Amino acid sequence: MPTVTGGISPAAALFHSLADETRLRIVQRLTRGEARVVDLTTQLGLAQSTVSKHLACLRDCGLVDYRAEGRQSFYALTRPELMDLLASAEHLLTVTGHAVVLCPDDDDQPAAPARDSSGRTAELDHTAVP
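Residues numbered from 1 in each chain as written. Predicted model: local features only at pLDDT ≥ 70, side-chain atom pairs only at ≥ 80, totals over all residues. Heavy atoms only, no water.

A word on the overall build of the chain
Looking only at helices and strands, the chain has five helices and two strands in total. Listed by position from the N terminus, the elements making up the chain come as α-α-α-α-β-β-α. Counting over 130 residues, the chain shows a buried share of 21%. Considering only contacts within the chain whose residues lie at least 6 apart along the sequence, 40% involve residues at least 24 apart. Accessible area for the chain stands at about 9400 Å²; split by element, carbon and sulfur atoms hold 55% of it. (Helix = DSSP H or I, 4+ residues; strand = E, 2+ residues; numbered from the N terminus. Buried < 20%, exposed > 50% of the residue type's maximum accessible area, 1.4 Å probe, protein only. Contact = heavy atoms within 4.5 Å. Areas by Shrake-Rupley, 256 points an atom, 1.4 Å probe, with all protein chains shown as cover.)

Here is the structure:
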């Protein structure tokens, strides 16, 4: 698998860029059409500096760009495929019953419970000999 700067695969870099809740909220809002920073701050209830910082990140990733109209900038998604990715993610969340569990960041956090094929918490057989 090809890597980008820092040894991160492109897929990991893409999902990392969308892993931040604020960036994901901005992207989700932009799926409905272009918006100015002031629109995003009002609609998402975020500070202007926060929106601008995350838009810059999304622009650096090539997921968002803007067009200038007078003194205003209108931000939009650069790739319609991103809307397909988000729709697929929503579908995956629905079919898994929103049971997606994040991996713990460190070894001190307990692991997520095992799940069977229906998504229910699986009972572990503690009598089995390794």
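Now that the structure has been shown, the text picks up again.
Concerning the environment of L63
In this structure, L63 sits in the loop between α4 (48–60) and β1 (64–69). By relative accessible area, which is 10% here, L63 ends up buried. For L63 and L14, which are 49 residues apart along the polypeptide, the C-alpha to C-alpha distance reads 9.1 Å. Excluding residues that lie within four positions of it along the chain, L63 makes contacts with L14, S17, L18, L58, A76, L77, T78, R79 and L82.

Points about the layout of surface pockets
Taken as a whole, the largest pocket encloses approximately 630 Å³ of empty space. Along the wall of the largest pocket there are 16 residues; nearest its centre are F15, L18, L24, A89 and L93. For the lining of the largest pocket, the elements supplying multiple residues, two or more each, are α1 (10–19), α2 (21–30) and α5 (81–95). Broken down by element, the residue count for the lining of the largest pocket peaks at seven residues, all from α5. (1 Å grid on protein atoms, 1.4 Å probe; cavity = no way out; pocket = protein on both sides within 12 Å on 5 of 7 lines; lining within 4 Å. Points joined across faces, edges and corners; volume = space filled by probe spheres on them.)

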